[in-house]
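Here is how the chains run, residue by residue.
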Amino acid sequence: PTEKKIDSFLSAFFSSNSGGASSSSSGDSTGALQEDEDEIASWSVTPPQEAQQVQSSSSCGDGLTSADGLPNCCVPDPSFLGDGACDAHPPYNTAECGFDLGDCCTESCKTDTPFACAAKEGDAYGPFGYYCLDPRHSNIDEDACGAENREWVGDGGCDPEYNTAECGYDGGDCCRQSCDAAFAYYECGREAQPFDCKNPDIIYRADYTP
């Protein structure tokens, strides 16, 4: 629309100043034309892509940015999504944001990422845990579980307050058969947080080992 406006303006200008003008009026017209061209050059035109980005960010609200490829995902820092470390709380760990773009479930966390789903005790960061809410991989009931320290779930150490069906039996931490040593931050069954398996799908197996 801006280009059409400029073309129309120039066409009208040249039409009104063509033919029958004296050398004096011609000089005046040249000066006026230069002024008009300078004014046109000063008009600010926002590129469509930039305008779309501004609109996308503003639609998320103050301090939030829309993540690429996830138009309904608004987070403070999109670089946290899919970085190999579970950001267990909203707005990251939500369906709209792909459950932190897969970081919060061992089945979907990608190892070719900055944190590589491999934080261990002694690192300068963590624990992150795996507060997995993706229904394809988890049976945690977010509302019923109500975990305040979500990063403790799935970190390898059995936390009695989260050793419930609603919390997925602490994300599997409390049973020898379900604690995932490959992803656990703490050593599974460590002395400070020993196994205390209450998952009926495990304790009633013929091969169950406490």
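Residues numbered from 1 in each chain as written. Predicted model: local features only at pLDDT ≥ 70, side-chain atom pairs only at ≥ 80, totals over all residues. Heavy atoms only, no water.

**Some remarks on the overall build of the protein**
Argument step 1. In terms of regular secondary structure, the protein is built from seven helices and two strands.
Argument step 2. The buried share among the 210 residues of the protein stands at 34%.
Argument step 3. Restricting to contacts in the protein with at least 6 residues of sequence separation, those with at least 24 account for 43%.
Argument step 4. With the model as given, the accessible surface of the protein reaches about 12500 Å², and the carbon-plus-sulfur share is 50%. (Helix = DSSP H or I, 4+ residues; strand = E, 2+ residues; numbered from the N terminus. Buried < 20%, exposed > 50% of the residue type's maximum accessible area, 1.4 Å probe, protein only. Contact = heavy atoms within 4.5 Å. Areas by Shrake-Rupley, 256 points an atom, 1.4 Å probe, with all protein chains shown as cover.)

**What about the packing of aromatic side chains?**
Given two aromatic rings, one states the distance between the centres and the angle between the planes to describe the pair.
Argument step 1. Taken as a whole, this structure holds seven aromatic pairs when the rule is applied.
Argument step 2. Taken together, a centroid distance of 5.0 Å and an interplanar angle of 75° make the contact between F115 and Y125 edge-to-face. Separated by 10 residues along the polypeptide, F115 in the loop between α4 (98–101) and α5 (142–145) and Y125 in the loop between α4 and α5 bring together distant segments of the chain.
Argument step 3. With a centroid separation of 5.5 Å and 65° between ring planes, the pair formed by F115 and F128 is classed as edge-to-face. One end of the pair, F115, is in the loop between α4 and α5; the other, F128, is in the loop between α4 and α5, with 13 residues separating them in the sequence.
Argument step 4. Assessed through its relative accessible area of 26%, F115 is described here as partly exposed.
Argument step 5. Here the basic side chain of R190 rests over the ring of Y186, its NZ or CZ set 4.0 Å away from the ring centre. (Phe/Tyr/Trp six-rings, centres within 6.5 Å; stacked < 30°, edge-to-face > 60°. Lys NZ or Arg CZ within 6 Å of the ring centre and 35° of its normal.)

**Quick word on the confidence of the model for the protein**
Argument step 1. Chain-level pLDDT for the protein is 84 on average; 72% of the residues reach the 70-or-more range.
Argument step 2. Every residue in residues 20–24 is under pLDDT 50, and counting partners more than four places away or in other chains gives zero contacts.
Argument step 3. Note that residues 48–57 has pLDDT below 50 and, in this model, four contacts with residues that lie over four places away or in other chains. (pLDDT = per-residue confidence, 0-100.)

**As for the nonpolar core**
Argument step 1. Counting residues in each nonpolar core, the largest one holds 12 residues, listed as C86, A88, F99, C104, Y131, L133, I140, C145, A147, V153, Y162 and C167.
Argument step 2. Not counting the four nearest positions on each side in its chain, C167 is found in contact with I140, C145, V153 and Y162. (Core = buried A, V, L, I, M, F, W, Y, C linked by side-chain atoms within 4.5 Å.)

**Remarks on the environment of P114**
Argument step 1. By secondary structure assignment, the location of P114 is in the loop between α4 and α5.
Argument step 2. In the structure, P114 is positioned 34 residues away from F80 in sequence and 9.9 Å away in space, judged by C-alpha atoms.

**Topic: the pairing of strand β2 (residues 70–75)**
Argument step 1. Here strand β1 (residues 65–67) runs beside β2; their pairing, made up of three bridges, is antiparallel. The residue of β2 that forms the bridge with S66 is C74.
Argument step 2. Counting the residues between successive antiparallel strands, the hairpin from β1 to β2 contains two residues, one of them, G69, with a positive phi of roughly 80°. (Pairing = 2+ DSSP bridges.)

**Focus on the environment of C104**
Argument step 1. Mapped onto the secondary structure, C104 falls in the loop between α4 and α5.
Argument step 2. For C104, a relative accessible area of 0% gives the class buried.
Argument step 3. Taking the C-alpha atoms as reference points, C104 and N93, separated by 11 residues in sequence, lie 7.2 Å from one another.

**Some remarks on the state of the cysteines**
Argument step 1. Taken as a whole and judged by the stated rule, the model has nine disulfides.
Argument step 2. Between the sulfur atoms of C73 and its disulfide mate C97 the distance is 1.9 Å. Handedness of the C73-C97 disulfide follows from its S-S torsion of about 100°: it is right-handed. With C73 in strand β2 and C97 in the loop between β2 and α4, this pair connects stretches of sequence that are 24 residues apart. In terms of burial, C73 and C97 fall into one category: buried.
Argument step 3. Bridging C179 to C188, the disulfide has an S-S length of 2.1 Å. Where C179 bonds to C188 through sulfur, the torsion about that S-S bond is close to -80°, and the disulfide is left-handed. (Disulfide = S-S within 2.5 Å.)

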